[in-house]
Amino acid sequence: MKILVVHGPNLNMLGSRQVAVYGDKTLNEIDSLLQKRARELGVELETLQSNHEGALVDFIQEKSPEAAGIIINPGALTHYGLSLRDALADTSLPVIEVHLSNIHAREEFRQQSVIAPIARGQISGLGWRGYIAALEIIATPEA
Ligand code: DQA
């Protein structure tokens, strides 16, 4: 089983970016923790970070036919990225939206997600462990 892990704009700056909000782990560290858990679960991950919405759309279109689900932190595209939303919806795959911070406890513009209505679910505010929870849920479908 292959699962796509998609990181949106500015997440390449994790580790130095607003540490009090997003935590001190770098994106590489989070990706390594995901890879370790994926090995334990016997699933394969294919990962992309991009600061460009079109690159995220290209990756989703190209890779989704081979995938069983998508874990995505869309960054600020969460709040307005309609072409990203359409690309995710077109896959018909289970999508889990992950946010390191609790977007519902932040500025008003962050409290709305254009992704959430087409997602299987959203994990928000649990830090890097939110990605692990998303992976466990996609990798171990309900019996
Ligand atoms: C974020 C929340 C977004 O509002 C923000 O633009 C990000 C990160 C999070 O993980 O908490 O880039 O998606």
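An account of the accompanying structure is given in this report. (Residues numbered from 1 in each chain as written. Predicted model: local features only at pLDDT ≥ 70, side-chain atom pairs only at ≥ 80, totals over all residues. Heavy atoms only, no water.)

### Details of the packing of helix H2 (residues 27-41) against helix H5 (residues 129-139)
Now for step 1: Running from N to C, H2 and H5 point in directions that differ by 25 degrees, and their axes come no closer than 10 Å. As summarised for this structure, H2 and H5 are arranged roughly parallel, according to the angle between their axes. Where H2 crosses over H5, the two elements pack in a sense that is right-handed. For the pair H2 and H5, contact is made by Ile30, Leu33, Leu34, Arg37, Ala38 and Leu41 and by Tyr131, Ile132, Leu135, Glu136 and Ala139, respectively. (Axes fitted to C-alpha atoms, helices over the stretch in contact; angles between N-to-C directions. Helix = DSSP H or I, 4+ residues; strand = E, 2+ residues; numbered from the N terminus. Parallel < 35°, antiparallel > 145°, perpendicular 65-115°, else oblique. Left-handed = near helix turned anticlockwise from the far one by under 90°. Contact = heavy atoms within 4.5 Å.)

### Describing the packing of helix H3 (residues 53-63) against helix H4 (residues 82-91)
Now for step 1: Packing of H3 against H4 leaves a shortest axis separation of 9 Å and a crossing angle of 5 degrees. On the basis of the axis angle, H3 is roughly parallel to H4. Together, Glu53, Leu56, Val57 and Ile60 of H3 and Leu82, Ser83, Leu84, Ala87, Leu88 and Thr91 of H4 make up the contact between the two elements.
Now for step 2: Residue composition of the contact of H3 with H4, by class: 7 nonpolar, 2 polar and 1 charged. (Nonpolar A, V, L, I, M, F, W, Y, C, P; charged D, E, K, R; others polar.)

### Examining the pairing of strand S3 (residues 69-73)
Now for step 1: Most of S3 sits out of view: 5 of its 5 residues are buried.
Now for step 2: Here S3 shows a buried face lined by Gly69, Ile71 and Asn73 and a second buried face lined by Ile70 and Ile72.
Now for step 3: Pairing between S3 and strand S4 (residues 95-99): 3 bridges, direction parallel. In the sheet register, Ile71 faces S4, and the bridge partner there is Ile96.
Now for step 4: Handedness of the S3-H4-S4 crossover: right-handed. (Buried < 20%, exposed > 50% of the residue type's maximum accessible area, 1.4 Å probe, protein only. Pairing = 2+ DSSP bridges. Right-handed = clockwise from strand over helix to strand, strands pointing away.)

### Focus on the pattern of salt bridges
Now for step 1: Following the criterion strictly, the structure yields 8 salt bridges and no others.
Now for step 2: For the salt bridge of Glu40 with Lys36, the shortest nitrogen-to-oxygen distance reads 3.4 Å. With Glu40 and Lys36 both in helix H2, this residue pair falls 4 residues apart, about one helical turn.
Now for step 3: Residue classification places Lys36 among the partly exposed residues on the basis of a relative accessible area of 46%. (Salt bridge = Lys/Arg side-chain N within 4 Å of Asp/Glu carboxyl O.)

### So, the site of the ligand
Now for step 1: Close contacts around the ligand come from Arg17, Tyr22, Asn73, Gly75, Ala76, His79, His99, Leu100, Ser101, Ile103 and Arg110, and that covers them all.
Now for step 2: Ala76 is positioned such that a nitrogen or oxygen atom in its backbone is 3.1 Å from an oxygen atom of the ligand.
Now for step 3: Between the ligand and Ser101 there is a distance of 2.6 Å, counted from an oxygen atom to a side-chain nitrogen or oxygen.
Now for step 4: Bound to the protein, the ligand loses 99% of the 320 Å² it would expose on its own.
Now for step 5: Considering only residue class, the shell around the ligand consists of 4 nonpolar, 5 polar and 2 charged. (Near = heavy atom within 4 Å. Polar contact = N/O pair within 3.5 Å; in protein donor to acceptor, adjacent residues only side chain to side chain. Areas by Shrake-Rupley, 256 points an atom, 1.4 Å probe, with all protein chains shown as cover.)

### Concerning the sheet that holds strand S1 (residues 2-7)
Now for step 1: Here we have 5 strands laid out as an open sheet, ordered S2-S1-S3-S4-S5, and parallel in their pairing. Both edges of this open sheet fall to strand S2 (44-49) and strand S5 (121-124), since each of them pairs with a single strand only. Each strand of the sheet is rotated relative to its neighbour by a mean of 20 degrees, with strand direction disregarded.
Now for step 2: Where S4 meets S5, 4 bridges bridge the pair, whose relative direction is parallel. If you follow Glu97 over to S5, its bridge partner there is Gln122.

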